[in-house]
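Fold and contact review
Each chain is listed here by its residues.
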Amino acid sequence: MTQVSINALVQGAISGNHIVSFPTDTVPALAAKPDRAELIFAAKRRSQDKPLILMAASAEALWPYVQGSPAELNLWQQVAASYWPGALTLVLPASPLVPPAMNAIDRTTIGIRVPNFPLALQILEQTGPLATTSANLSGQAPLESVAEIEAQFPEVLTLVAAELATAPTAPTASSLPSTVAKWACGNWEILRQGAIELEC
């Protein structure tokens, strides 16, 4: 039985020994400590050329993982202030703090995001930034229920129904993934159009 309380899920993530799953404002996430990102790649059978997203409870927790000029940092922070928390992933130049396992093929960039979902934020506030991705085998449609996630990933820690039922009221989750925007050559390149329309 892998359904656990929020506290047990948080401790499982912090220990580095477990992949955990929790709802977000888009599709449910699989998450692990950034330095144990290889657990997610193995579970999803995911190619190493598909990097994970670093998710946190606040923008402030994510800025140490990126690097840029003062002008770039100021611009990125303005975009984050406009769209976070929300379904926008920013792909930015990675700082040395990003563990190699997060993006084994191209260590120069990292995707970062703050979800607009109180339960996810509650978990991330306690765990710190986590390596995340959608809950599904690579190339398959995202799973949307705890039962589906448990069936496909029996080793993953999920939340007991009581925790989900008593969680703070949240916006309705979207079946669309986050929009992914990459900073390149002084401008935004939309890598994936998702739930948010970024005004470049």
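This section reports on the structure supplied with the text. Along each chain, residue indices are assigned from 1 in the same order as the chain's sequence is written. Where local features are concerned, this predicted model is filtered to residues with pLDDT of at least 70; where side-chain atom pairs are given and counted, the filter is 80 or more; whole-chain, interface and lining totals use all residues. To obtain the side-chain values, all non-hydrogen atoms of the structure were used and water was disregarded.

Here's the deal with the sheet that holds strand S3 (residues 29-32)
Strands sit in the order S2-S3-S7-S4-S6-S5-S9-S10 across an open sheet of eight strands; the sheet is mixed. Pairing within the sheet leaves two strands with one partner each, and these edge strands are strand S2 (20-22) and strand S10 (187-192). When strand polarity is set aside, the average angle formed by the axes of neighbouring strands in this sheet is 35°. We call two residues in contact when some of their heavy atoms are within 4.5 Å. Simply put, an axis is a line fit to the C-alpha atoms, just over the touching stretch for a helix, and the angle between two N-to-C directions goes from 0 to 180 degrees. Starting at the N terminus, helices and strands are each numbered in turn, a helix being any DSSP run of H or I of at least four residues and a strand any DSSP run of E of at least two. Sheet strands touched by helix H3 (residues 70-83): strand S5 (88-93), strand S9 (179-184) and S10. Its angle to S5, the strand with the most contacts, is close to 170°. Running over the sheet, helix H4 (residues 118-127) touches S2, strand S4 (53-55) and strand S7 (130-134) and is turned about 145° from S2. Any two strands between which DSSP finds at least two bridges are classified as paired.

Digging into H4
All of the buried residues in H4 are Leu119, Ala120, Leu121, Ile123, Leu124 and Thr127. Downstream of H4 by a residue or two, glycine 128 has a phi angle that is positive, lying close to 80°. Three labels apply to residues, based on accessible area from a 1.4 Å probe with only protein chains included: buried if under 20% of the type maximum, exposed if over 50%, partly exposed otherwise in between.

Quick notes on the environment of leucine 119
Tracing the chain through its elements places leucine 119 in helix H4. On a C-alpha basis, the gap between leucine 119 and arginine 107 in space is 30 Å, while along the polypeptide they are 12 residues apart.

So, the pairing of strand S6 (residues 109-113)
S6 sits mainly inside the fold: five of its five residues count as buried. Neither face of S6 is exposed, since Thr109, Gly111 and Arg113 on one face and Ile110 and Ile112 on the opposite face are all buried. Looking at chain direction, S4 and S6 are connected through three bridges and run parallel. Residue pairing across strands places isoleucine 53 opposite glycine 111, the latter belonging to S6.

Some points on the side chain of serine 178
With respect to the element layout, serine 178 can be found in the loop between helix H6 (161-165) and S9. At 2.8 Å, the side chain of serine 178 forms a polar contact with the side chain of threonine 89. Excluding residues within four positions of it along the chain, serine 178 makes contact with Thr26, Ala87, Leu88, Thr89, Arg113, Arg192, Gly194 and Ala195. Pairs of N or O atoms are called polar contacts if they sit within 3.5 Å, as long as, within protein, a hydrogen donor faces a hydrogen acceptor (for residues adjacent in sequence, only side-chain-to-side-chain pairs).

What to know about unusual backbone geometry
Here the bond from tryptophan 84 into proline 85 is cis, since omega is -5°, no more than 30 degrees from zero. Note that proline 85 resides in the loop between H3 and S5. Its identity is not glycine, yet arginine 45 carries a phi of approximately 55°, on the positive side. With respect to the helices, strands and loops of the structure, arginine 45 is situated in the loop between helix H2 (38-44) and S4.

Notes on the side chain of arginine 46
Residue placement: arginine 46 occurs in the loop between H2 and S4. Working convention for charge: Lys and Arg count positive, Asp and Glu count negative, and His plus the chain ends are omitted. Here a salt bridge means any side-chain nitrogen of Lys or Arg lying within 4 Å of a carboxyl oxygen belonging to Asp or Glu. Although arginine 46 is buried, it makes no salt bridge; aspartate 49 carries the closest opposite charge, 7.4 Å away. Of note is the side chain of arginine 46, whose polar atom sits 3.1 Å from the backbone oxygen of proline 51. Polar side-chain contacts of arginine 46 include one of 3.3 Å to the side chain of threonine 133. Discounting residues that sit within four places of it in the chain, arginine 46 has contacts with Phe41, Pro51, Leu52, Thr133 and Ser138.

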